[in-house]
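Descriptive structure summary
Letter by letter, the chains look like this.
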Amino acid sequence: MFNVYEFFNKLSESDVEIRLDAGQPDIRVDERIIGAMFDSIRRGETEYVSTVGIRELRERIAELYDVDAEEVIISPGSKLLIASQVFFSRKIAVIAPFWPAYVHMASLFGKKIQVLETSMEGRWVPDFTEMDDEVDLVIINYPNNPTGVALPRSKMRELLDVASERGITVVSDEVYRDILFNSRFSSILDFNYEKGVFVHSFSKTFSMTGFRIGFAIANREIIKKIQRFIEATVTCVPGFVQAAALKALEVIDEVRRIVSDIYKRRVEAAKKTLGRKFFEFVEPDGAIYIFLKIKAGISGTEFTYKLLKQGVSVFPGEAFGNYKQFVRVSLVSDRLEEAFRRMNMVAEECSGR
């Protein structure tokens, strides 16, 4: 599989003019959030804190999602929360196309993996009845990275019916849930599934990628297992980072409206500017990506490297599964229309060769 982390590191050491590869929002962190973090540091809140997270932040999250604070745990980013569940599993199921970290985790921990394939023609909707009997953990991610599609409510119900019958834990990675363009999104929290693990992050909504803070909501037994994993690895999230997250939740309604509008306009720019002769994609329901199928007689990886010579970086589709004719474009630049024009140019050159 194409290693996006290795590719990203190489890009970061070079001088790429327009970066559309990583899911790194270009929208600045709200000054009120930054101010809250520095105020916390000045108060001397730089010591170890509780492994599960400061009480005030957990209570605020519990209030927002109508759960008990004991069902909330804070972590340095959402990835560690997902890793904890993979670590305690036997065999995981992931839905392609998928964020490659899921497979990296499973491989690192020596876990078996089943990939549920989907297609653009089927609007990237999986068939959960295809999960085999060994699977005890399934990871879903909606709105999806890289496609941006949301899971229809009927399919979420199908998944939870299968999972309930087989005793499968469902990890719902909802880090893009605040960036929505329509009402199609359905959360695992809407269903009160006993073995469900809701995972969220401050990285995408608030552009707080470098703050490294996320949280999970689950039953108390699962929360205790996550706590054990955090105790054995990273100990806790710094208190001043949690203070910033607490401030972020005070302005969440305002910020989610702003960022959803920005990314929606960028999707519209893609629809308007990208040549339909060369590209096609399913219009996303949310998130910050488009997953482009290249119709120019060239693989996604070859297109990626040709485009890089024109000063624009994207990720090839094979990084997300068996999608060699695709590329993922992160809508994280105010120079998107220029980037799209260069993409059209490269595709046209490849079509005429």
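Everything that follows concerns the structure shown earlier in this document.
The sections below set out a description of the structure shown in this document.

Conventions adopted
- Residues numbered from 1 in each chain as written.
- Predicted model: local features only at pLDDT ≥ 70, side-chain atom pairs only at ≥ 80, totals over all residues.
- Heavy atoms only, no water.
- Pairing = 2+ DSSP bridges.
- Helix = DSSP H or I, 4+ residues; strand = E, 2+ residues; numbered from the N terminus.
- Axes fitted to C-alpha atoms, helices over the stretch in contact; angles between N-to-C directions.
- Contact = heavy atoms within 4.5 Å.
- Core = buried A, V, L, I, M, F, W, Y, C linked by side-chain atoms within 4.5 Å.
- Buried < 20%, exposed > 50% of the residue type's maximum accessible area, 1.4 Å probe, protein only.

Further remarks concern the sheet that holds strand S8 (residues 214–217). Taken together, the 7 strands give an open sheet; going across it, the order is S2-S8-S7-S6-S5-S3-S4, and neighbouring strands pair in mixed fashion. Edge positions in the open sheet fall to strand S2 (72–75) and strand S4 (112–116), since each of these has one partner strand only. Going across the sheet, the axis of each strand differs from the next one's by a mean of 20°, ignoring polarity. Helix H3 (residues 55–65) rests against S2, strand S7 (196–201) and S8 of the sheet, and its axis sits at about 125° to S2. Its contacts with the sheet place helix H4 (residues 78–87) against S2, strand S3 (91–95), strand S5 (137–141), strand S6 (169–173), S7 and S8, and it is angled at close to 155° to S7.

Counting 133 residues, the largest nonpolar core has Met131, Met208, Ile213, Phe303 and Val329 as its most contacted members. The element that contributes the greatest number of residues to this core is helix H9 (residues 252–273), accounting for 8 residues. Contact partners of Val329, with chain neighbours within four places excluded, come to Leu20, Ile288, Tyr289, Ile290, Leu292, Val314, Phe340 and Met343.

Assignment of secondary structure puts Met105 in helix H5 (residues 101–108). For the pair Met105 and Ala83, spaced 22 residues apart in the sequence, the C-alpha separation amounts to 6.2 Å. Among residues more than four places away in sequence, those in contact with Met105 are Lys79, Ile82, Ala83 and Val86.

Taken in spatial order, the 4 strands line up as S9-S10-S13-S12 in an open sheet, and their pairing is antiparallel. The open sheet has two free edges, formed respectively by strand S9 (279–280) and strand S12 (315–316), since each of these has just one partner strand.

Before going further, it helps to examine the pairing of strand S10 (residues 289–294). Of all 6 residues that make up S10, 5 are buried, and the element is covered over most of its length. Pairing between S9 and S10: 2 bridges, direction antiparallel. The residue bridging Phe279 from the neighbouring strand is Ile294, located in S10. Pairing analysis gives 5 bridges linking S10 to strand S13 (residues 326–330), with the strands arranged antiparallel. Paired with Phe291 across the bridge in S13 is Arg328.

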